[in-house]
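Observations on chain architecture
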Amino acid sequence: MINKEMPLLMDQSKKGRKAIKLPELGVEKSELPNSKFLRKDISLPEVGQLDLIRYFTNLSSLNYSIDTNFYPLGSCTMKYNPKINEQIASMPGFAASHPNQNDEKVQGNLRLMFELQEELGEITGLPGVSLAPLAGAQGEYAGLLIAREYHKKNNQNNRNIALIPDSAHGTNPASASMAGLQAVTIKTTNEGDIDLDDLKDKVNENVCVLMLTLPSTLGLFEPNILEITKVIHDNGGLVYADGANLNALLGVTKFGDLGIDICHSNLHKTFSTPHGGGGPGSGPVMVAKYLESFLPYPHIKKEGNEYKQYKPENTVGRLNGFYGSFGILVRAYAYIRSLGKAGLKEISESAIINANYIQEKLKNDYKLTSSRYCMHETVLSASQQKEDGVKAIDIAKKLLDEGFHAPTMYFPLIVDEALMIEPTESESKETIDRFIDAMIMISELSKSNPKEIIDAPVNLPVERLDEAQAARNPVLIWAKK
Ligand SMILES: *Cc1c(COP(=O)(O)O)cnc(C)c1O
């Protein structure tokens, strides 16, 4: 257990104490060249080696991760990341290659990228793939630029509207705006599907693209998807699917078969790279064959036995300096190749069963958003608990005390007191049962002793924070008390 009172390293400092003893200097001392840049007002902590080691070892154990415990963060797929993928990504041929090396010198790396393009094209049914985007949001941006350029090329510059359901991830309207499009909201029905009447009302000759999430952010498969894509196509628009989380579709269905023209997927959600903490990501963009020439570059192609970077004819341009997040591409490649077709399908089947198991076990304690089977995640509402003064955020804090990461809260925005739970395929039944028990315990406690939930967490190094202040005015510099 962490010592809550662990003093900060600066506060442990005692003049003259050292963690290491340096050997005598064997050369002449010289002045630092730019002493004007040295700041006198910041002193470094002076501590012994053992104190130093304990400090950082204790700090490192404050990190919560998928390697330490259950992480049911909906819409963000925190799943088991096979350790072998890390080893493979750190092999010198991958990790130590320089992005400026000529294509002939990095044939193996280009081959890996080419084959990953092929795999993602096959998985999504959209064969034109660019691995360049560095995040899901950048994949969206690239995909929307492709849609715009396509219309421009067809002399339809007027098409500047992106239809986006009100349940969408916040990045969707933001990316649309960055791509110069105007976001127009489409309503969701009480059943959690796209409101077809509203869609038909709003589709017109100025629509560039409909941007939807499938399964929706309510964790539901859109039953009218074929009709929806037809309505848009009949009006000359394109359909974009936000496939950040493919954990319900792998090997089960393909965007390309549903009338979708463009999508992106987050390798740092679905394809094993863990995320959070702002680490590197990768959000490849996939398009139907007829849009391939618009892909961002570099794109990798194979000529004879040679792999080459090239610039597609109508490319929307470059998204970043080099190839994208290469290390993440290696992990995704290893993941997909080691699982194969059957293994990928098993992921989705298990992810869907696990989410439905949780939904079924919790439906008497929490209000469900929909009575239908869910896909890879379930969205519950704490609206009943709110009547006793316990909100979604309180439940999330209490879960921290019980040793679980909080689910996603207050998203999608259209669900009152939303708790979005995604167990993923990689958790055991025992772990999921412990989580269910904790959720039921909290629901019962909300009736008998709500204060205990509202006061949580009490077992963690810090208790309730003023989250608005912590985000707006973070104190990042040590100051003497
Ligand atoms: C995570 C996510 C995104 C954005 O991905 P980033 O890599 O964070 O930019 C977009 N849409 C959905 C549905 C997501 O879950």
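Below: a short report on this structure. (Residues numbered from 1 in each chain as written. Predicted model: local features only at pLDDT ≥ 70, side-chain atom pairs only at ≥ 80, totals over all residues. Heavy atoms only, no water.)

**Observations regarding the packing of aromatic side chains**
Applying the stated criterion across every chain, the model contains 9 aromatic pairs. Each ring, one from Tyr55 and one from Phe56, has its centre 5.3 Å from the other, and the planes form 85 degrees; the classification is edge-to-face. Judged by relative accessible area, which is 10%, Tyr55 ranks as buried. Since its relative accessible area comes to 47%, Phe56 is described here as partly exposed. On the basis of an interplanar angle of 80 degrees and a centroid distance of 6.2 Å, the ring pair of Tyr150 and Phe294 is categorised as edge-to-face. Of this pair, Tyr150 sits in helix 6 (residues 136-153) while Phe294 sits in the loop between strand 7 (285-287) and strand 8 (299-303); the two residues are 144 residues apart in sequence, bridging distant segments of the chain. When its relative accessible area of 4% is taken as the criterion, Phe294 is described as buried. Taken together, the aromatic side chains of Phe70, Phe404 and Phe435 make up a single cluster linked through ring pairs. Over the face of the ring belonging to Tyr310 we find Lys301, whose NZ or CZ atom lies 4.5 Å from the ring centre. (Phe/Tyr/Trp six-rings, centres within 6.5 Å; stacked < 30°, edge-to-face > 60°. Buried < 20%, exposed > 50% of the residue type's maximum accessible area, 1.4 Å probe, protein only. Helix = DSSP H or I, 4+ residues; strand = E, 2+ residues; numbered from the N terminus. Lys NZ or Arg CZ within 6 Å of the ring centre and 35° of its normal.)

**Re the site of the ligand**
Around the ligand there are 13 residues in total, and Ser75, Gly136, Asp242, His268 and Lys269 lie nearest to it. In the model, an oxygen atom of the ligand is placed 2.7 Å from a nitrogen or oxygen of the Ser75 main chain. Within the side chain of Asp242, one N or O atom sits 2.5 Å away from a nitrogen atom of the ligand. In isolation the ligand exposes 390 Å². Once the protein is present, 87% of that is buried. Ranked by residues supplied to the shell around the ligand, first place goes to helix 6 with 3 residues. (Near = heavy atom within 4 Å. Polar contact = N/O pair within 3.5 Å; in protein donor to acceptor, adjacent residues only side chain to side chain. Areas by Shrake-Rupley, 256 points an atom, 1.4 Å probe, with all protein chains shown as cover.)

Note that every value here comes from positions in space, so none of it alone points to a role or purpose.
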